[in-house]
Amino acid sequence: MRSSHPGKSPHGATPSPYRRRATTAGLAALLMTAATLAGAPAHADELPLSEAVTVDAIERHLANLDMIAEYNGGNRATNTPGYDVAALYIEDQLKRAGYEPYRHEYDYEAWRMNSPTVLSQVTPEKTSYEEGEHFETMSYSGAGSVRGAKVTVVSPGSTDSGCAPEQFEDFPEGHIALMQRGTCPFGDKVRNAADAGAVAGLVYNNEDEVFLGTVGEESDIPAIGVSGELGEEMASIARNLRLKIEVDSTVTTETSYSVLADTSGGKEDNVVVVGGHLDSVEDGHGINDNGSGVAFVLETALRLAEQGDPNNQVRFAFWGTEESGLIGSNEYVADRTPEEIDDIALYLNFDMIGSHNYGRFVLDGRMELPESGGAPAGSGAIAKIFEDYFEEQGQVSEPGVLSGRSDYLAFMQAGIPSGGLFSGADGVKSEEQVEWYGGTAGELFDPYYHTPDDTMDNINWDSVAELSAAGAHGVEFLAANTLPVNGVVPFSAPVEVDLPRLGDAWVK
Ligand SMILES: [Zn+2]
């Protein structure tokens, strides 16, 4: 049951101590017929994928990824030995199960900070600001050094400040542009400022705290996100304000890869893609983000291989370079021909399924949350498959915002129905959510998100158990039948009918 209807009791279904083998008679029939069509007998003792994929097995994969990070510089970030060895582990496991894994290579512009950014007030008062508290350097900020430059507020009081070049008509060259967050991408605001002769672009938040921003492509001038509090203060004293800014960053072309593997059987023109990102942040082992998703996708691949050919081909994807801008998945989609895109039935994403203070979030395919956007038709049907499963287990679930923060984005932009599961990251748990999931109200779903403490110790194994069972059920359902998602019926074998007439004419 989903939380968007708080009037209903979240526990309408009686929780069953056992997972039911088949969820509906219809699905059981479909699964059996699909297996029969593919030439494999449907064994009565064959476990559904939701039971074949176990927490113990996922924990073993996680422990292995943990050890790989531990012995390789403490992380699995893109273009590090930790990433490469983790990729070798995935490939070895897949090969042992009969897959032929392959790599999708790509070049990308890697943006790196060489030393911490300096932002300080020179006049009216000498004050140094703290990165992380007062400001954050935007990803792909240009490098630059500005000493005691004046500040001009662009379109004061307007959230589209900086979005239109006309707003800079009277902008004094050599000034720092102070803009408010809203309406258009940060990259547009900073580019307009640079074109007007600004020496740096500051964008302040529409809420008190600071935020992590990106300008997408390297900007010509330093680009910095400022807390709403500091931004308001700067705007109010802009007349007398002079700032010092130093951003020391470089952009270099690097090469990395994603790892993929396809089932040998199944319809090749109706492929179900199941993915999660293999890279971690540089700050730690990345066990929840996204060791948990990787371990789930890998274990699902290994167990599916034991169940004979699926009706639809299933492609497992372990994306590279997600943490620096969803690069691996974007490059993969960008490199596909229109025919190859057409052959992809749908995409399922698994990015964090073991959050310490977890929730059961089903990616919002019906776009019920105001912040969700861009889900192609069929995405709601994917969400329903997961929601129904949770409901049958007597477990509450709720929509997880489709904000473009993970690898489903490229697939949605290509018009491919998308969905997936997520146990929460930097959102704050409410009292109501504690009733549904347990845990602690007022704390982040994953207090260790993107920190060195994202370790084995801080995984919530109930979260892994519940989300992996639902995830495996979704993969099994869609490997058998994507009809409600993309209109493709599972059985397209020609039917032979021996009749003596063709219309009004006798054939024999
Ligand atoms: Zn992630």
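Residues numbered from 1 in each chain as written. Predicted model: local features only at pLDDT ≥ 70, side-chain atom pairs only at ≥ 80, totals over all residues.

### Structural notes on helix 5 (residues 186-195)
With seven of 10 residues buried, helix 5 lies mostly within the body of the structure. Each element contacted by the buried residues of helix 5 is listed here: strand 5 (176-180), strand 6 (200-204) and strand 7 (223-226). Trailing helix 5 by a residue or two, Gly197 shows a phi angle of about 95 degrees, which is positive. (Buried ≥ 20, exposed ≤ 12 C-beta atoms within 10 Å, placed from the backbone. Helix = DSSP H or I, 4+ residues; strand = E, 2+ residues; numbered from the N terminus. Contact = placed C-beta atoms within 7 Å.)

### A few points about the packing of helix 10 (residues 379-392) against helix 13 (residues 461-480)
Each pair of packed helices can be described by the angle between their axes along with the distance between the axes. Closest axis-to-axis distance for the helix 10/helix 13 pair is 9 Å, and the angle between their directions is 130 degrees. Taken as axis vectors, helix 10 and helix 13 run oblique relative to one another. Seen from above, helix 10 lies across helix 13 with right-handed handedness. Touching Ile385, Phe386, Tyr389 and Phe390 of helix 10 are Ala470, His473, Gly474 and Phe477, all from helix 13. In terms of residue class, the contact of helix 10 with helix 13 is built from six nonpolar, two polar and no charged. (Axes fitted to C-alpha atoms, helices over the stretch in contact; angles between N-to-C directions. Parallel < 35°, antiparallel > 145°, perpendicular 65-115°, else oblique. Left-handed = near helix turned anticlockwise from the far one by under 90°. Nonpolar A, V, L, I, M, F, W, Y, C, P; charged D, E, K, R; others polar.)

### A look at the environment of Trp506
Take Trp506: it is sitting in strand 16 (residues 505-506). Every residue in contact with Trp506, bar those within four places of it in the chain, is listed here: Pro500 and Arg501.

### Thoughts on the domain arrangement of the protein
One can read the domain layout of the protein as domain 1 (25-99 + 263-486) and domain 2 (113-249). Taking only C-alpha atoms into account, the centre of domain 1 sits 38 Å from that of domain 2. (Domains from an automatic or database assignment.)

### Some remarks on the pairing of strand 4 (residues 144-153)
It is a general feature of regular strands that their side chains alternate between the two faces of the sheet. Judged from the five bridges that link them, strand 4 and strand 8 (residues 242-262) form a sheet pairing that is antiparallel. Among the inter-strand pairings, Lys150 is bridged to a residue of strand 8, identified as Arg242. Bridge count for strand 4 against strand 5 is three bridges, and the pairing is parallel. Among the inter-strand pairings, Val151 is bridged to a residue of strand 5, identified as Ile176. (Pairing = 2+ DSSP bridges.)

### Focus: the confidence of the model for the protein
This prediction gives the protein a mean pLDDT of 90; 90% of its residues lie at or above 70. Per-residue pLDDT stays below 50 along residues 1-42; that stretch engages in 62 contacts with residues further than four places along the chain or on separate chains. (pLDDT = per-residue confidence, 0-100.)

### Structural notes on the environment of Leu47
Note that Leu47 resides in the loop between helix 1 (25-37) and helix 2 (49-52). Classification of Leu47 by C-beta neighbours within 10 Å gives partly exposed; the count is 15. Leu47 sits 260 residues away from Gln307 along the chain, and the two C-alpha atoms are 9.0 Å apart.

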